[in-house]
Amino acid sequence: MKHAQSRASTLVEALPYLQRFADQTIVIKYGGNAMVEEALKQSFATDITLLKQVGVNPVVVHGGGPQIGKVLEQVGKEAKFIDGMRVTDSETMDIVEMVLAGRVNKEIVANINSAGGKAVGLSGKDGGLICADKMKVKRDAPELDVPEIIDIGHVGEVRKINTQILDVLENDRFVPVIAPVGYNIAEGQSYNINADLVAGAIAQALGAAKLILLTDVPGVLDEKRELCSTLSATEARNWIGKGTITGGMTPKVTCCLKAVEHGVSRAHIIDGRVPHALLLEVFTDEGVGTVFTAN
């Protein structure tokens with residue numbers, strides 16, 4: 001009886017969130033261990049299926065760096081990074097597109113469909129979804145009067161998101177699963193784009209209720225290395241300035257801040273290593289990570 005009452009309490013706790021997010025869009029960046037460990041992959045697929053079933057509109061954007069690295073190693077091609085970004089020549093871009101839009105994307109789609117959902121895989125080329133420009137990397141060069149421009153190949157940044165195909169899929173109750181490959185029609189060129197940036201841009205374009213980044217850390221830690229459950233944009237920028245937020249967490253936090261400052265109601269960084277982390281963040285009072293607000 002106590003076990004049954006506990007389950008009932010969980011459902012009651014979820015009720016106001018179910019009501020709040022009915023017919024709302026949530027953009028989820030899927031990456032890290034949640035994409036590697038089999039139990040977590042199935043947990044994520046179940047979460048997405050349940051979200052759609054209760055009336056939420058999830059949009060999934062996935063990464064795939066480790067999978068790309070493994071294929072590059074198999075073909076004997078050395079991976080190179082500049083400022084954390086993969087140097088992507090034409091051959092590497094072919095592999096990136098094959099792995100992201102092919103192998104990884106279709107596995108995620110299959111997992112969601114196996115869990116009872118209706119998922120469709122896309123890349124930025126489909127329906128002109130992700131219009132991209134070549135990313136320019138600049139470095140200070142004391143010996144020059146202007147910053148040095150470093151060419152890192154087919155690495156792009158989002159210029160525009162065309163939401164038409166996403167609107168069509170939402171109306172037909174499908175879950176879009178998006179590989180972060182952008183396309184420049186004028187150049188006829190594909191671009192490898194950071195998945196966090198793509199997820200943030202799509203969340204802004206859709207006016208999403210939430211942007212959620214799944215990571216391999218609990219969330220943002222304060223100076224005492226304790227989890228901070230809520231951060232305003234002002235607080236977060238102060239923490240970046242004084243070095244409380246550093247390293248790989250900085251671009252993720254910056255992505256979240258840009259989202260909430262451009263119309264997304266809430267942005268979250270959560271621990272994807274926790275089973276059903278997505279449901280815990282959306283439908284419980286405590287959540288499992290850090291939430292960012294505009295004020």
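Scroll up to find the structure.
What you see as residue numbers is a count from 1 along each chain, following the sequence as written. Residue-level local features of this predicted model are given only where pLDDT is at least 70; pairs of side-chain atoms are given and counted only at 80 or more, and the full residue set underlies all totals for whole chains, interfaces and linings. To obtain the side-chain values, all non-hydrogen atoms of the structure were included, while hydrogens and water were left out.

*Asks:* Please explain the packing of aromatic side chains as it appears in this structure.
*Replies:* Each pair of aromatic rings is reported with the distance of its centres and the angle of its planes. The criterion for an aromatic pair is that two Phe, Tyr or Trp rings (for Trp, the six-membered ring) have centres within 6.5 Å, with stacked assigned to planes under 30 degrees apart, edge-to-face to planes over 60 apart and tilted to the rest. Counted under the stated rule, the structure contains 1 aromatic pair. Put simply, a charge is over a ring when the Lys NZ or the Arg CZ is close to the ring centre, within 6 Å, and near the line of the ring normal, within 35 degrees. A cation over an aromatic ring shows up here: Lys118 above the ring of Phe174, its NZ or CZ 4.4 Å from the ring centre.

*Asks:* What is the right way to look at the pairing of strand E16 (residues 289-293) in this model?
*Replies:* On a regular strand, each side chain points to the face opposite its neighbour's, so the side chains alternate between the two faces of the sheet. Here the term buried applies to any residue with accessible area under 20% of the maximum for its type, exposed to any over 50%, and partly exposed to those in between, with areas from a 1.4 Å probe on protein chains only. Labels follow the DSSP assignment, with helices taken as runs of H or I lasting at least four residues and strands as runs of E lasting at least two, numbered in each case from the N terminus. For E16, the tally of buried residues reaches 5 of 5 residues, placing the bulk of the element in the interior. Bridge count for strand E14 (residues 230-232) against E16 is 3 bridges, and the pairing is parallel. Paired with Ser232 across the bridge in E16 is Thr293. Here, a strand pair is defined by DSSP locating no fewer than two bridges between the strands. When strand E15 (residues 266-271) meets E16, the two strands line up antiparallel, connected through 4 bridges. Following the sheet pairing, Ile269 is matched in E16 by Thr290.

*Asks:* Would you mind showing me how to read the layout of surface pockets here?
*Replies:* Vacant regions in the atomic arrangement are exposed by a probe of water-molecule size rolled over the atoms. Of the two site types, the cavity is a set of points on a 1 Å grid over the protein atoms alone where a 1.4 Å probe fits but cannot get out, and the pocket is an open set with protein on both sides within 12 Å along at least five of seven lines, each lined by residues with an atom within 4 Å of a point. Grid points are joined across faces, edges and corners, and a volume is the space filled by probe spheres set on the points. Considered as a void within the structure, the largest pocket measures approximately 1300 Å³ in volume. Looking at the largest pocket, it is lined by 43 residues, and the ones nearest its centre are Lys29, Ile193, Asn194, Ala195 and Asp196. Counting residues per element, the ones that place at least two in the lining of the largest pocket are strand E1 (25-30), helix H3 (65-74), strand E4 (85-86), strand E9 (156-161), helix H6 (195-206), strand E13 (210-215) and helix H8 (249-260). Of all the elements, H6 adds the most residues to the lining of the largest pocket, at 6 residues. Each residue gets one of three labels, nonpolar for Ala, Val, Leu, Ile, Met, Phe, Trp, Tyr, Cys and Pro, charged for Asp, Glu, Lys and Arg, and polar for the others, Gly among them. Per-class residue counts for the lining of the largest pocket are 19 nonpolar, 16 polar and 8 charged. Lining of the second largest pocket is provided by 20 residues; of these, Lys210, Arg266, His268, Glu281 and Val291 occupy positions nearest its centre. Among the elements of the structure, helix H1 (2-21), E15, helix H9 (277-283) and E16 are those that each provide at least two residues to the lining of the second largest pocket.

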